[in-house]
Amino acid sequence: MSDQSAGTNFIRQIIDADLASGKHTDIVTRFPPEPNGHLHIGHAKSIWLNFGIARDYGGRCTLRYDDTNPLKEDEEFVEAIERDVRWLGYDIDRVAHASDYFDQLYEFALELIRKGLAYVDSLPADRIREFRGTLTEPGRNSPDRDNSVEKNLAEFERMRAGEYADGERVLRARIDMASPNINMRDPVIYRIRHHNHQRTGDHWCIYPMYDFTHGLSDAIEGVTHSLCTLEFEDHRPLYDWFIDNLTVPSRPRQTEFSRLNLGFTVMSKRLLTRLVDDGVMDGWDDPRMPTIAGLRRRGFTPASVRNFIASVGITRKDNLIDMLALENAVREDLDPVAPRAMAVLRPLRVIIENYPEGETETLEVPNHPKNPDMGSRPVTLSREIYIEQDDFMLDPPEKFFRLGPGREVRLRNAFVIRCVGLELDESGKVDTIRCKYLPETRSGVQPEGRRVKGIIHWVNAGDAVDVEVRLYDRLFLEAVPLPDDEGRFSRDLNPDSLEVLGNCKLEASLALAASETRYQFERLGYFWQDRDSTRDAPIFNRIVTLRDSWAKIDSRNN
RNA sequence: UGGGGUGUAGCCAAGCGGCCUAAGGCACCGGGUUUUGAUCCCGGCAUUCGGAGGUUCGAAUCCUCCCACCCCAGCCA
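Residues numbered from 1 in each chain as written. Chains lettered and ligands numbered in written order. Predicted model: local features only at pLDDT ≥ 70, side-chain atom pairs only at ≥ 80, totals over all residues. Heavy atoms only, no water.

### Considerations on the protein's contact with RNA strand B
Move 1: Residues in contact with RNA strand B amount to 69 residues; listed here are only the nearest, Arg193, Arg340, Ser443, Arg547 and Ser549.
Move 2: The contact atoms of RNA strand B, taken as those within 4 Å of the protein, divide so that sugar and phosphate hold 67%.
Move 3: The contact in question runs from a base oxygen of RNA strand B to an N or O atom on the side chain of Arg410, over 2.9 Å.
Move 4: Between RNA strand B and Arg412 there is a distance of 2.4 Å, counted from a sugar or linking oxygen to a side-chain nitrogen or oxygen.
Move 5: Elements supplying a minimum of two residues to the surface near RNA strand B: helix H5 (125-131), strand S6 (188-192), helix H12 (323-334) and helix H13 (549-557).
Move 6: When residues of the surface near RNA strand B are assigned to their parent elements, the largest contribution, four residues, is made by H13.
Move 7: When the residues that make up the surface near RNA strand B are grouped by side-chain class, the tally is 25 nonpolar, 15 polar and 29 charged. (Near = heavy atom within 4 Å. Polar contact = N/O pair within 3.5 Å; in protein donor to acceptor, adjacent residues only side chain to side chain. Helix = DSSP H or I, 4+ residues; strand = E, 2+ residues; numbered from the N terminus. Nonpolar A, V, L, I, M, F, W, Y, C, P; charged D, E, K, R; others polar.)

### As for the pairing of strand S2 (residues 60-65)
For a regular strand, the rule is simple: side chains alternate between the two faces of the sheet.
Move 1: Of all six residues making up S2, five are buried, and the element is well covered by its neighbours.
Move 2: As paired strands, strand S1 (residues 28-31) and S2 are joined by four bridges and run parallel to one another. Opposite Val28, over in S2, you have Arg60 as the bridge partner.
Move 3: With respect to chirality, the unit in which S1 leads through helix H2 (residues 41-56) into the neighbouring parallel S2 is right-handed.
Move 4: Here three bridges tie S2 to strand S3 (residues 95-97), and the two strands are oriented parallel to one another. Looking across to S3, one finds that Arg64 is bridged to Ala96.
Move 5: Handedness of the crossover joining S2 and S3 through helix H3 (residues 76-87): right-handed. (Buried < 20%, exposed > 50% of the residue type's maximum accessible area, 1.4 Å probe, protein only. Pairing = 2+ DSSP bridges. Right-handed = clockwise from strand over helix to strand, strands pointing away.)

### A word on the sheet that holds strand S4 (residues 118-121)
Move 1: Pairing in this open sheet of four strands is antiparallel, and the strands run S4-S5-S6-S7 from one edge to the other. Each of the sheet's edge strands pairs with one partner strand only, and the pair in question is S4 and strand S7 (206-208). Within the sheet, the average angular offset between the axes of one strand and its neighbour, ignoring direction, is 20°.
Move 2: In terms of strand pairing, S4 meets strand S5 (residues 170-173) through four bridges, oriented antiparallel. (Axes fitted to C-alpha atoms, helices over the stretch in contact; angles between N-to-C directions.)

### What about the sheet that holds strand S16 (residues 408-411)?
Move 1: Strand order across the open sheet formed by seven strands is S19-S16-S17-S18-S12-S15-S20, with mixed pairing between neighbours. Whereas interior strands pair on both sides, the edge strands pair on one side only; in this sheet they are strand S19 (455-456) and strand S20 (458-460).

### Some words on a positive patch on the surface
Move 1: A cluster of basic residues, Lys399, Arg547, Lys552 and Arg556, forms a positive patch on the protein surface.
Move 2: By secondary structure assignment, the location of Lys552 is in helix H13.
Move 3: Exposure remark for Lys552: the relative accessible area of 51% places this residue in the exposed category. (Patch = residues over 30% accessible without salt bridge, like charges linked within 9 Å, V, L, I, M, F, W, Y side chains within 5 Å. Areas by Shrake-Rupley, 256 points an atom, 1.4 Å probe, with all protein chains shown as cover. Salt bridge = Lys/Arg side-chain N within 4 Å of Asp/Glu carboxyl O. Lys, Arg positive; Asp, Glu negative; His and termini not counted. Charge placed at Lys NZ, Arg CZ, Asp CG, Glu CD.)

### So, the packing of H2 against helix H11 (residues 302-312)
Move 1: Between H2 and H11, the least distance of the axes is 10 Å, while the angle of their chain directions is 80°. The angle between H2 and H11 falls in the class roughly perpendicular. Of the residues in H11, those touching H2 at Ile41, Ala44, Lys45 and Trp48 are Val305, Arg306, Phe308, Ile309 and Ala310.
Move 2: Partitioned by chemical class, the residues of the contact of H2 with H11 number seven nonpolar, no polar and two charged. (Parallel < 35°, antiparallel > 145°, perpendicular 65-115°, else oblique. Contact = heavy atoms within 4.5 Å.)

### Regarding the pattern of salt bridges
Move 1: Evaluation of the coordinates by the stated rule reveals 47 salt bridges.
Move 2: Of the charged contacts, one joins Arg169 and Glu155 as a salt bridge, the two residues approaching to 2.8 Å between their closest N and O atoms. Taken together, the residues span a long stretch of sequence, with Arg169 in the loop between helix H6 (149-160) and S5 and Glu155 in helix H6 at a distance of 14 residues.
Move 3: Overall, the relative accessible area of 18% leaves Arg169 in the buried class.
Move 4: For Glu155, a relative accessible area of 11% puts it in the buried group.
Move 5: For Arg236, the salt bridge goes to Glu256, with nearest N and O atoms at 2.6 Å. Of the two residues, Arg236 sits in helix H8 (residues 236-245) while Glu256 sits in strand S9 (residues 253-257), which places them 20 residues apart along the sequence.
Move 6: What makes Glu256 buried here is its relative accessible area of 1%.
Move 7: Each of the salt bridges in this network shares a partner with another, and the network as a whole consists of Asp282, Asp285, Arg297, Glu468, Arg470, Asp530, Arg531 and Asp532.

### Brief notes about the nonpolar core
Move 1: Counting residues in hydrophobic clusters, the biggest one holds 48 residues, and the most contacted among them are Ile41, Val85 and Phe308.
Move 2: It is H2 that provides the largest number of residues to this core, a total of eight residues.
Move 3: Beyond its immediate chain neighbours, meaning those up to four positions away, Val85 contacts Phe31, Leu39, Ile47, Phe51, Tyr90 and Ile92.
Move 4: Within the second largest apolar cluster, 38 residues are counted, among which are Ala118, Ala173, Ile192 and Leu246. (Core = buried A, V, L, I, M, F, W, Y, C linked by side-chain atoms within 4.5 Å.)

### Here's the deal with the packing of aromatic side chains
Move 1: This structure, assessed with the given rule, holds 16 aromatic pairs.
Move 2: Between Phe102 and Tyr207, the aromatic rings sit 5.8 Å apart at their centres with planes inclined by 70°, giving edge-to-face as the arrangement. One end of the pair, Phe102, is in helix H4 (residues 102-114); the other, Tyr207, is in strand S7, and 105 residues separate them in sequence.
Move 3: Residue Phe102 is classed as buried on the basis of its relative accessible area, which comes to 2%.
Move 4: Plain terms: the ring middles of Trp241 and Phe242 are 5.4 Å apart, the flat faces sit at 80° to each other, and that makes the pair edge-to-face. Considered together, Trp241 and Phe242 belong to a single accessibility category, that of buried residues.
Move 5: Chaining the aromatic ring pairs together yields one cluster made of Phe102, Tyr106, Phe156, Tyr190, Trp204, Tyr207, Phe212, Trp241 and Phe242.
Move 6: In this arrangement the basic side chain of Arg140 is found over the ring face of Phe131, its NZ or CZ atom lying 4.2 Å from the centre.
Move 7: Sitting above the plane of the Phe401 ring, Lys453 keeps its charged end 5.1 Å from the centroid. (Phe/Tyr/Trp six-rings, centres within 6.5 Å; stacked < 30°, edge-to-face > 60°. Lys NZ or Arg CZ within 6 Å of the ring centre and 35° of its normal.)

Here it is, written out as structure tokens:
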């Protein structure tokens, strides 16, 4: 794995201290997704942390599905989750499910009841809510709170046996209805769900809640450091309460860190699901999605995602990370290895008047400007070529050193040309540019005799490959998009987040483009083939643009 | 107005009482190299650490008060 240094963070410091004090000799972590959706780059932070720590400390990290709610979960997501974790570069040597522990969890519940620390409550959901109190007022005890152990045991057995309908009974921990921490006000730990579970089928009709399940699963697995996000901080007293009051095989410790927030996108599973279900996105792997699947399809590399996470670090502070940091990470990863090629996205025809009709020549062009080991390829030049529309201006402003009437520019890897005329179409738009080339300026000939400031890319018309290119921009107009009550984005969506260009011209060598290769189309950005691509109809995704200081100057002028 | 957190540059983030007149990255601004306005290279970018007091020979680091922001009232995770 070619990663930048993982550096340190407060969690690693805790682990170092635990190792130094002898509290632990082996480090065990876990990555605990709920199989109810696809992983996104926020999960990548957790994966990087948990798997990265296990790897660096010679410990192990379990992929554990938190599958305690059969209503929301589906096996369909399991495969996708594992694929995403592997794609990020981590070996999954241990897969577990919270549901593997349902028997033990049930025994733990019995132990709690026997100790007088849990009771079956017959209050309906709305009454439980009422009795819970508010943030500022204490709650009240349920009439069932002081029922005998025997009665609770019997009632719990009836719950398990299916004698009650959903919602008729719950098992609650008996803690403190007056606690300022609402999580400690006799939280529900088992509820009835007459619903098939994706793994245990109809074996159970009662299912444990997250708070009860999570910490105890950690204890069962011997997890030493249970790393989760900040919103679980208030749950830690409860996490510890279960560990303290039950006969557990180990004592894990929960530590929280802040989740990853990226500007101009959303990270909530609910909102992402909404975008997919409403058809705003072309599926979970739409290249504009912040999902792992989306990043993968877009063309981001696993190393770039890892390095990005490493660069933003692990802390307890709320954050809003600039997308530019992610873009920087891919460019950094791709620049030294991406083979270069020439492609024209918005073609403008150029006739080289003094180039003999019917003739062609072959130029040998390096695949990488700094790495000769990457070899070279033949590129054809003839009388008719395409250049980028953006590289020609009728009335160029100062500092624009590309082509314009009477101007000279170098065709990258080839000759200098001078614009000597142009043809307009009926609408008055420039249709064709007429140029003359300077044969003595052939690329590689020293001395060149003539230096021009502008260099533009081009594609030979005769053997160009026609392709579709998809350009992506930020999904939203606002750094922090605001959904409406239904979770839809009526106004913050960026209408131009996807631009499809149909008539793009690629140099002939890319007719054989490898589907796994990420190319740099010179002066444009990094591209690779979309999964929709076929041999007859190639489609390229723009992963990210190159840095563009001209664009900066240009936008400053406007 | 209860409880739990967080505040170091535009965005991240080191820093853990004295080598801090505060690392590093992104962004930004110069300048150099360059047949990608890319890459690369050099330089700039917080006398100041949310604010006010205090302790100390010495504070971003300790104490007090204040301010701002985030999280919590699912039989979700």
